[in-house]
Every structure is written in structure tokens, then in C-alpha cells.
Amino acid sequence: MGASLLQSTTMLRFLFLVLNSLLVVPELAGAGITRHYKFNIKLHKVTRLCHTKSIVSVNGQFPGPRIIAREGDRVVVKVINNVQNNVTIHWHGIRQLQSGWADGPAYVTQCPIQTGQSYVYNFTITGQRGTLFWHAHVSWLRSTLYGPIIILPKKNVPYPFPKPHKEVPIIFGEWWNADPEAVIKQALQNGGGPNVSDAYTINGLPGPLYNCSANDTFKLKVKPGKTYLLRLINAALNDELFFSIANHTLTVVDVDAIYVKPFKTDTILIKPGQTTNLLLKAKPHFPNATFLMSARPYATGRGTFDNSTVAGILQYEQPPKSSSFKNLPLFKPTLPPLNDTSFAANFTRKLRSLANSQFPANVPKKVDKRFFFTVGLGTNPCPQNQSCQGPTNSTMFAASVNNVSFILPTTAILQAHFFQQSKGVYTTDFPATPIFPFNYTGTPPNNTMVSNGTKAVVLPFNTSVELVLQDTSILGIESHPLHLHGFNFFVIGQGFGNFDSKKDPPKFNLVDPIERNTVGVPSGGWVAIRFLADNPGECMVHALPFGGSHKLGLEDGLDSNGWKTA
């Protein structure tokens, strides 16, 4: 997606402030159990690409430990910071109903966990089942601080698809030989895109297509005739990825912990922050071959990206007296071209909610508030007496929403609101539409400078929202993955070119639109989403990788006295 340019000095963020009275909610009848985890954040040495370095990890694991729970369970995680970096953990995709303080983005819902300190995250998983993941939400620590969240159905509730023989998490990540914190620090100073990663990884391993990595290869061993549930997670910082397994068909059954109408495909597209559950039906007999499972980027923007391919190996359990794996042919999948926007759009359109009585698609039919946000790149001036590496040597790349680039505060916004001390921390004047409309995907304006601020949108509790996100051609069109904290939303429409407020809404899918927490704004196009603002707190919407978002928040719905504790 050319995402490296989105790692610039200021980035895509906006905030929904959803404010309601905060009350202690009693345990519901038939609720799940409480599951306790302890995360020790510490340094440990890891070798990849014949390069050994110390990385920040959880419990000395890379990727980090699995969180496993059932729908309805309460999860309590004590995080202890034993490194010099400030740390927070975000539970990506968890609704955080009335537990916004457990969401994790630094200086938004909490202050960072400082060296030698700890923080307890406490939340309940409500109405979700499938795969999500957790990751650090400070700077680029998430390059090594991440791991899966496995959400099983409630006890004795079956999957709405055939029960798999085995379930396997597959996490895509990135590896830098350099210190990722130094990489992003340099980019923030010079205003250019950061240096790209040295490799992609599957479950922390680069695989046989990279130098010095034949032994660092993920291998999925299967039995003939069995069905496997692959829980895919894109934890890469920068890139959308195509994924395929040679000579095998995959069935998509779940995205972002929401069941979908199953469909078969040879290749999937998964954007940063998204998850996809796939059924893999193994061949009925030993195939006398092994198969690569490969992923490589989908790239649309002008920025640099890691143009390499990560691979793992699918191996079948061998019958007795069969030849060695070394003597078997190895088949490779055919992935779409790097810039195949047509495939990306067609794959996305296939995703539909189950929309049945057990798993309804409760898309808001009535809309209380409509927003139109442009997303894309712009510029900030280079600091005085400094040469920069933006579009010119006197400018720095900056991402923005409605031409506003978010400035991260030094006080947690949720804290500021709770203590009624928001003055000087954030303002509530984020524009609902672009201040200066233009031909968004046509000839860009000459002035590419953005404004900067910590601005929020305030919504009344239970407001139904329609948000159209429009890519722009300023400094080039590109795909923009965007993640909404604290909410799922329904993707009701998408298209190329400029959104037409008269012609496009009649085509919206209000019957079975896909529900998810992370969506891609098409390169040179738009996407429309709807959601109900039913979750009090700070709800950040930001680009992936994390940066210059803005915040949308909800105001008090039960009374006007602000937040309360019982």
C-alpha cells in the first residue's frame, strides 16, 4: 500500500469520543469464566537472517503467547514492564464494552506503562468469536510485541462450519536487522519514509526464500483427508499481503472474529490489523509432494516497501516406507501482481455477513450523523535550518484526515475527560467534511500543507453513524487500511473515483454487509461504513501502521454529569 509514507512525522488518526456514564456492570447470568495471564515485557536475543539482536518480547517468546478464551469470558492480563521503553498493549478488535481504559493506545485511553511499573488490563469478550490479536501500541514496539487472541464459541456451541481436525494460528510479521525504534526515530526526524523491513515472517520465521533462513521456516504438517482451521493474522506494520497455498483451495469462514458466508478461493488478501479464518481441506491421499504457502505485499502508493516473499511449507504425514521429504517435488503458488487492485476489490466484495437469526447483521438502517473524511498524504514544513526527505528537501511527509494531522498529547485523553481537564489536551472541532472540497482523485491542489492538532468528534451515546472514507490523489493515490478501536462496523459500500452522495448510496448493501474492525480505503476510491456508537469512551480511528489518526468520541447518554464510578 506504499505504507512506509504513512510512517511520517504525523499520521492518520481521528477520534470518536463516545461518552456515557461509566458504571460497574454486574456479571450476567450464564457468563463465562475469568482467565488470568501475566505478560513480562523483557529483552531477549533472537537470530534471524544470520543476524542476532535483542528484541522486546513478552515472556521471552517471539511471537508472544496466545490468549485463549471463550465468548463471554473475562480476561485479566497483568503487564509488567522490565525494559527501558514505555509500553502499552492493545487488544486489537476487542469491543471493550464499558472497559475503554483497557483498550491500550498510549496517551489516548491510558498513560504508558513506565519501566518497573505494571498495569492490569481487564475486559470481557462479548459477542465475538474467531481470531483477533494483541500488540504494543507505542511507537514501533509492535514489530516484536504481538501475539494471537483465540476466541472460541461458548461451551457446547458449535462452529457454523465443519469442525476442524486442528486449529493453527498463522501470524504474518516483519523483521528488521536494525532496531525498529531507531528506524522510526530516523524517519520522524527527516520527514521521509522509514527504511523497509529486511523480511516478512510467518510465526516469527522468514522461511526458505530468504538468505540464511532455510532452518527458520514454519512447517504445517497435515494428515490426508483432514480439515484444518488456519487462523491468519496480519501483524505486519506496513503491508497488505496476498496469501496462497500451492495446489490447494481455501474456504473463508471468518474475518475479524465475525463469521462470514463461506466462499472458496485460491488466494486471499489480508490488510494490516485484519484477521481471516480459513478452512484447509487436505488432499485425500498422500500427494508425493510438498507445497509452499506464500505471502507477499499488495502495493499501490509511491512509497518504498519490502518487495519480498515469505514462505512456509505444507507437509503431508508420510505413509510408512515413503521417500524422504528432500526427494519430493516442491510446488509454489502463483500470487497476484503486486499492484492488482482489481483482485483486491473483487476479494473484498465477496465478504458477506451470515445475516441469519443466530448471527444477524444489525446494520443501522437509520442514520443520525453522516461524515465524509478524506484520507491521504500531505506535507508539513521542514524545521528551520534542516534538510528533510519529504517530497522536497524543505518538506516532510504527513498523513491526514480532512487535512488535519493528529498530534499525540502528553496526557491521556480518557484521563483528561474523566477529570474534566480536557482544556489544552484536545478540542472537539474536528471537521465533519473537508473544509476545502476538491476533485479528490483528480488533479490535486497545489498546496499540500496540512493543519495539525489534537481534535475529536463528539457523538451522543447510541448515535448511528455513517462514515465515508475517501482516498485522495495528493502525493499519489494508495490504499489505506484503517482500524476503529472499540467498535465493529459494517462495510456497506465501496467504489473507485470520487464518492457520489446521490448515485452511490442507493447501491449500499444494508442486508448482509461484512462486519469488521479494520477496513481498506481502496486506492483511488472510497469505502462507506456504518456503526452504532454504543460503547462509551475514546474510540480512535487510525491508519495501519499506527499514526496520524483522529478520534471520534461519544458524549454522555444517560446524564450530563460526565463519567462516574460506582
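Computed from a predicted model, the values in this text were never measured in an experiment.

## Some details on the overall build of the protein chain
Alright, step 1. Helices and strands together make up the secondary structure of the protein chain, namely three helices and 34 strands.
Alright, step 2. Relative to its 566 residues, the protein chain shows a buried fraction of 60%.
Alright, step 3. Summing over all exposed atoms, the protein chain offers an accessible surface of approximately 22000 Å²; the carbon and sulfur share of this is 51%.

## Concerning the nonpolar core
Alright, step 1. By size, the foremost hydrophobic cluster in this structure holds 77 residues, and its most contacted members are Leu230 and Phe243.
Alright, step 2. Looking at this core element by element, the count peaks at five residues for strand β10 (residues 166-175).
Alright, step 3. When neighbours within four sequence positions are excluded, Leu230 is seen to be in contact with Val168, Ile170, Leu220, Ile245, Thr276, Asn277, Leu278 and Leu280.

## Observations concerning helix α1 (residues 180-190)
Alright, step 1. Within α1 the residues assigned to the buried category are Pro180, Val183, Ile184, Ala187 and Asn190. Buried residues along α1 cover an arc of 140 degrees about the axis, so they all sit on one side.
Alright, step 2. Taken together, the buried residues of α1 touch β3 (51-58) and β23 (395-401).
Alright, step 3. In the stretch just after α1, Gly191 is the one whose phi turns positive, near 75 degrees.

## Focus: the state of the cysteines
Alright, step 1. One pass over the full model with this rule turns up two disulfides.
Alright, step 2. Note on cysteine connectivity: Cys382 is disulfide-linked to Cys388, with sulfurs 2.0 Å apart. Handedness of the Cys382-Cys388 disulfide follows from its S-S torsion of about 80 degrees: it is right-handed.
Alright, step 3. Overall, the relative accessible area of 6% leaves Cys388 in the buried class.

## Considering the confidence of the model for the protein chain
Alright, step 1. With 89% of its residues at a pLDDT of 70 or more, the protein chain shows a mean pLDDT of 89.
Alright, step 2. Between residues 1-11, whose pLDDT stays under 50, and residues either more than four places distant or in other chains, the model counts 71 contacts.

## Brief notes about the sheet that holds strand β7 (residues 118-124)
Alright, step 1. Strand order in the open sheet made by the four strands is β3-β2-β5-β7, with mixed pairing throughout. The open sheet has two edge strands, β3 and β7, and neither has a second partner. Across this sheet, the average inter-strand angle for adjacent strands is 20 degrees, counted without regard to direction.
Alright, step 2. Of the strand pairs in this sheet, strand β2 (residues 34-48) and β3 are connected by eight bridges, and their pairing is antiparallel. Bridged to Thr47 within β3 is Thr52.

## Some points on the sheet that holds strand β8 (residues 130-136)
Alright, step 1. A sheet is described by the order of its strands in space; here four strands give the open sequence β4-β9-β8-β6, paired in mixed fashion. Because the sheet does not close on itself, it has two edges, and the strands there are β4 (67-70) and β6 (89-92). If you compare each strand with its neighbour and ignore which way they point, the axes differ by 20 degrees on average.
Alright, step 2. The pairing of β8 with strand β9 (residues 146-152) spans six bridges and is classified as antiparallel. The partner of His135 across the bridge, within β9, is Tyr146.

## Focus: the side chain of His480
Alright, step 1. Along the chain, His480 falls in strand β28 (residues 480-484).
Alright, step 2. A polar atom in the side chain of His480 sits 2.9 Å from the side chain of Asp471.

## Things to note about the packing of aromatic side chains
Alright, step 1. All chains considered together, the criterion is met by 27 aromatic pairs.
Alright, step 2. Ring geometry for Phe291 versus Tyr316: centroids 6.1 Å apart, planes at 70 degrees, classification edge-to-face. You can see Phe291 sitting in strand β19 (residues 290-298) and its partner Tyr316 sitting in strand β20 (residues 310-316), a full 25 residues away along the chain. Of the two residues examined, Phe291 and Tyr316, each falls in the buried class.
Alright, step 3. Following the ring pairs from residue to residue traces out a cluster consisting of Phe39, Trp91, Tyr119, Tyr121, Phe123 and Trp134.

## Examining empty space enclosed by the protein
Alright, step 1. Counted by the stated rule, this structure contains five cavities of 30 Å³ or more.
Alright, step 2. The computed volume of the largest cavity comes to approximately 230 Å³.
Alright, step 3. At six residues, helix α2 (residues 341-349) tops the list of elements feeding residues into the lining of the largest cavity.

So, how was this worked out
Residues numbered from 1 in each chain as written. Predicted model: local features only at pLDDT ≥ 70, side-chain atom pairs only at ≥ 80, totals over all residues. Heavy atoms only, no water. Helix = DSSP H or I, 4+ residues; strand = E, 2+ residues; numbered from the N terminus. Buried < 20%, exposed > 50% of the residue type's maximum accessible area, 1.4 Å probe, protein only. Areas by Shrake-Rupley, 256 points an atom, 1.4 Å probe, with all protein chains shown as cover. Core = buried A, V, L, I, M, F, W, Y, C linked by side-chain atoms within 4.5 Å. Contact = heavy atoms within 4.5 Å. Arc of directions from axis to C-beta. Disulfide = S-S within 2.5 Å. pLDDT = per-residue confidence, 0-100. Pairing = 2+ DSSP bridges. Axes fitted to C-alpha atoms, helices over the stretch in contact; angles between N-to-C directions. Polar contact = N/O pair within 3.5 Å; in protein donor to acceptor, adjacent residues only side chain to side chain. Phe/Tyr/Trp six-rings, centres within 6.5 Å; stacked < 30°, edge-to-face > 60°. 1 Å grid on protein atoms, 1.4 Å probe; cavity = no way out; pocket = protein on both sides within 12 Å on 5 of 7 lines; lining within 4 Å. Points joined across faces, edges and corners; volume = space filled by probe spheres on them.

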